[in-house]
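Geometric and topological summary
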Amino acid sequence: MAQQQSDYYRLETYELPKGVNFEASGLAVTDKGQLAVALRKGEVWIEGKDGFQLFASGLHEILGLAWHDGALYATQRAEVTKLRDTDGDGKADEYLTASTGWGVSGAYHEYAYGPVFDAEGNAYTSLNCSMGKAWKGAGDEEKHPLWRGWVVRMTPQGTLEPWSAGFRSPCGIGQDADGEIFVTDQQGNWMPTTPLFHIRKGAYFSHADSIPDAMRPESPVKIAAKQPDGTLTVAEAMKTVQGYCPPAVWLPYVKMGQSGTGITCDKSGGKFGPFEKQLFLGEFVLSGVNRVFLEEVGGEYQGACFPFVDGLQCAALALTMLPDGSLVVGESNRGWNSKGNRPFGLQKYVWTKKTPLDVQKLELTKTGFRFTFTLPVDKASVGQISGQSYTYPFQSKYGGEELDAKPLQIGDSKLSDDGLMLEVTITNLREGYVHEFELPQLKAKDGTSLWHRMAFYTLNRLRE
């Protein structure tokens, strides 16, 4: 019998304040374990014993929230604001600018996301490139708003530093278990499908609107003033375009959703099931959450993405994990299309303590791939694996189709004696290509059916 999502992860809906459009666009957990929720229209609420209470208001389109060093930090359009309750009455009475200095022209699409903090207390904010008509009263910013399409870093000493560039709409920013920073972007110009980028100083991720600021003397990004458009594939651009860094993971269009959003890491110590230290990514259009396994190959990150859970009321926008290991999802469709029957909300996935049969991780080997499963697989159920590899266009045109697709030449497959690992030999591995797999309908030794049959590995570098 096929296994249902609810067998493994129960979806619960929060009771929300009446009369409030609870467009949950940022989530954080305080040092007391309380859930803090930022609303897109400029408020912050904190969950208490009597439900959610208003903590702060009057901000401008909050699209991110963090708890750091005894305070909440909300990212609004023009700044990151530090919020504190200094008199203990449950409401913020101190609003301080914690990070600012990027351009705002008044254009519709100039969103800002974050922040995330590293171990030294630096705050990172991701910024949309500017789209739409600017406001004529913006002065110089009307012509060129500074650092749009960048991730910027604010030091504890108050210095804003440009950090990495080439983003379109980097609406998800988060960290892995080691504190490395990752960003999701959204399909569109220069983004053929949703990518997951590993953020580091000087990295450039293809969106040409950030090139003018890369020419500034303080820019750590070193690229050419003009790049090819529509004449190369991503695989070719990796070899020939100065400074171009590919995503750690591509999430193939429709197969893995249409618009990636928030990021969180499972650091629950096993309270959320068998995927500890993996990343979970929100999906806007299909109203769910996807899963990502990462590994380092040749000193850089790459890895695999897998379907995970769906069924939300509407678009997933922000993610966080509570101390009990449940995964909270902030929801708002912001007037765009998404699956579901509500325009906003707040829900959480709770592990039922029943372990699914699924691919726990997918690793590259020198000769192919190693699938590791969450439960021992029955050898009699191991049939033919099928798959293909493909890359994407490097272009300013909106989106991009799968290019140069070829079937995977799959040789031997060998299941380990304990049933937990399947080694697969592939003779046509290709750098710069997504390797897509469809697994047979495997069964665990206890009869449990395979939960998800699809897996997608972004191979940027071969193992030497």
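Structure: see above.
As a convention, each chain's residues are numbered from 1 in the sequence order in which they are written. Per-residue local features are limited, in this predicted model, to residues with pLDDT of at least 70; the limit for side-chain atom pairs, both in listing and counting, is 80 or more; totals at the level of whole chains, interfaces and linings are taken over all residues. Each side-chain value is derived from all of the structure's non-hydrogen atoms; neither hydrogens nor water enter the calculation.

Each helix is a run of H or I in the DSSP string that is no shorter than four residues. Each strand is a run of E no shorter than two, and both are numbered from the N terminus. Each helix and strand counted, the protein has four helices and 34 strands in total. Radius of gyration (C-alpha) of the protein: 22 Å, near the 23 Å computed for a compact globule of 464 residues. The classification of residues rests on relative accessible area computed with a 1.4 Å probe and restricted to protein chains. Under 20% of the type maximum is buried, over 50% is exposed, and intermediate values are partly exposed. The proportion of buried residues among the 464 residues of the protein is 59%. In what follows, residue pairs with any heavy atoms lying within 4.5 Å of each other are defined as contacts. A separation threshold of at least 6 residues defines the contact pool for the protein, and within that pool the share at least 24 residues apart is 60%. Surface accessibility of the protein: about 18,700 Å² in total, with carbon and sulfur atoms responsible for 47%. Positive charge is attributed to Lys and Arg, negative charge to Asp and Glu, and no charge count is given to His or to the chain ends. Charged groups are reduced to one reference atom each: NZ for lysine, CZ for arginine, CG for aspartic acid, CD for glutamic acid. Side-chain charges of the protein comprise 46 positive and 56 negative groups, with the mean position of each set lying 3 Å from the other. Based on C-alpha atoms, the radius of gyration is set beside the globule rule, defined as 2.2 Å times the residue count to the power 0.38. Reported accessibility uses the Shrake-Rupley method at a 1.4 Å probe radius. Residues are deemed covered only where the shown protein chains occlude them.

Within a regular beta strand, the side chains point alternately toward one face of the sheet and then the other, so they alternate between its two faces. With six of its six residues buried, strand β23 (residues 316-321) lies for the most part within the structure. When DSSP locates at least two bridges between a pair of strands, those strands are taken to pair. Where β23 hands over to strand β24 (residues 327-332), the hairpin turn is made up of five residues, of which G325 adopts a positive phi near 90 degrees.

Before going further, it helps to spend a moment on unusual backbone geometry. Note that the residue after G114, namely P115, is joined by a cis bond; omega there is -5 degrees. In this structure, D69 is a non-glycine residue whose phi angle is positive, near 50 degrees. Summarising the element assignment, D69 is placed in the loop between β6 (65-68) and β7 (71-75). Although it is not a glycine, W190 sits at a positive phi angle of roughly 70 degrees. In this fold, W190 is placed in the loop between β15 (181-184) and β16 (194-199). The class for W190 is buried, based on a relative accessible area of 8%.

This next bit is on the sheet that holds strand β13 (residues 160-165). Spatially, the four strands line up as an open sheet ordered β10-β11-β12-β13, and their pairing is antiparallel. Here the strands that pair on one side only, and so sit at the sheet edges, are β10 (112-117) and β13. Taken over all neighbouring pairs, the strand axes of this sheet differ in orientation by 25 degrees on average, direction set aside. As paired strands, strand β12 (residues 150-154) and β13 are joined by five bridges and run antiparallel to one another. Opposite R153, over in β13, you have E161 as the bridge partner. Fitting a line to C-alpha atoms yields each axis, with helices limited to the stretch in contact; the angle taken between N-to-C directions then spans 0 to 180 degrees.

Another aspect to go through is the pattern of salt bridges. For this document, the term salt bridge refers to a Lys or Arg side-chain nitrogen within 4 Å of an Asp or Glu carboxyl oxygen. Summed over all chains, the structure comprises 19 salt bridges. Taking the shortest distance from any N to any O, the salt bridge between R461 and E300 comes out at 3.2 Å. With R461 in the segment after β34 (454-459) and E300 in strand β22 (residues 300-309), this pair connects stretches of sequence that are 161 residues apart. Judged by relative accessible area, R461 falls into the partly exposed class, the value being 33%.

For the rest of this paragraph, the subject is the packing of aromatic side chains. Stacked, edge-to-face and tilted are the three classes for Phe, Tyr and Trp ring pairs, Trp counted by its six-membered ring, which pair at centre distances within 6.5 Å; planes under 30 degrees apart are stacked, over 60 edge-to-face, the rest tilted. As enumerated under the stated definition, the model contains 30 aromatic pairs in all. Between Y108 and Y111, the ring centres sit 6.2 Å apart and the planes meet at 70 degrees, which makes this aromatic pair edge-to-face. Centre to centre, the rings of F272 and F308 are 5.9 Å apart; their planes meet at 55 degrees, and the pair counts as tilted. Taken as a pair, F272 in the loop between β19 (260-265) and β20 (279-283) and F308 in strand β22 lie far apart in primary sequence, 36 residues in all. Chaining the aromatic ring pairs together yields one cluster made of Y8, Y9, F272, F275, F280, F308 and W451. Over a ring means this: the NZ of a Lys or the CZ of an Arg is within 6 Å of the ring centre and within 35 degrees of the ring normal. A cation over a ring is seen here: R291 above F306, with NZ or CZ 4.2 Å from the ring centre.

With that settled, the discussion passes to the nonpolar core. What we call a nonpolar core is a set of buried Ala, Val, Leu, Ile, Met, Phe, Trp, Tyr and Cys residues that are connected through their side-chain atoms within 4.5 Å. In this structure, L357, L362, F369, F371, F373, F437 and Y457 are the most contacted members of the largest nonpolar core, which totals 28 residues. Mapped onto this core, the elements with two or more residues apiece are β21 (288-297), β22, β26 (359-364), β27 (368-373), β32 (421-426) and β34. With 26 residues, the next largest nonpolar core counts F182, V241, A248 and V292 among its residues.

Of the grid points, spaced at 1 Å and generated over the protein atoms alone, those admitting a 1.4 Å probe that cannot get out make up cavities, while open sets with protein on both sides within 12 Å along at least five of seven lines make up pockets; any residue with an atom within 4 Å of a point is treated as lining. Grid points are joined across faces, edges and corners, and a volume is the space filled by probe spheres set on the points. The calculated volume of the largest pocket comes to roughly 870 Å³. The wall of the largest pocket is formed by 38 residues, among which L27, L65, V116, T264 and T320 lie closest to the centre. Put simply, the parts of the chain that give the lining of the largest pocket at least two residues each are β2 (24-29), β6, β10, β14 (172-175), β19 and β23. Grouping the amino acids of the lining of the largest pocket by side-chain chemistry returns 22 nonpolar, 14 polar and two charged. Its boundaries defined by the atoms lining it, the second largest pocket holds a volume of some 460 Å³. Residues are grouped as follows: Ala, Val, Leu, Ile, Met, Phe, Trp, Tyr, Cys and Pro are nonpolar; Asp, Glu, Lys and Arg are charged; every other residue, Gly included, is polar.

This paragraph deals with the side chain of T81. On the secondary structure map, T81 appears in strand β8 (residues 79-84). Within the structure, the side chain of T81 is placed 2.6 Å from the side chain of E79, a separation counted as a polar contact. Beyond its immediate sequence surroundings of up to four residues, T81 is in contact with L59, L72, Y73, A74, Q76, Y95, L96 and A98. Here a polar contact is taken to be a pair of N or O atoms separated by no more than 3.5 Å, where protein atoms must pair a possible hydrogen donor with a possible acceptor and residues adjacent in sequence count only if both atoms sit in side chains.

With the rule as written, the count across this model stands at one cavity of 30 Å³ or more. When its volume is computed, the largest cavity comes out at roughly 50 Å³. Residue lining of the largest cavity: 13 residues in total, with W190, P192, S206, Y244 and W250 positioned closest to the centre. For the lining of the largest cavity, the class distribution of residues is eleven nonpolar, two polar and no charged.

A few words on the side chain of D185. Inspection of the secondary structure assignment puts D185 in the loop between β15 and β16. One buried charged residue, D185, forms no salt bridge at all, with the nearest opposite charge on R168 at 5.2 Å. Only 2.8 Å separates the side chain of D185 from the backbone nitrogen of R168, close enough to count as a polar contact. Separated by 2.6 Å, the side chain of D185 and the backbone nitrogen of S169 make a polar contact. Not counting residues within four places of it along the chain, the set of residues in contact with D185 comprises F167, R168, S169, P170, M191, T194, P195, F197 and G260.

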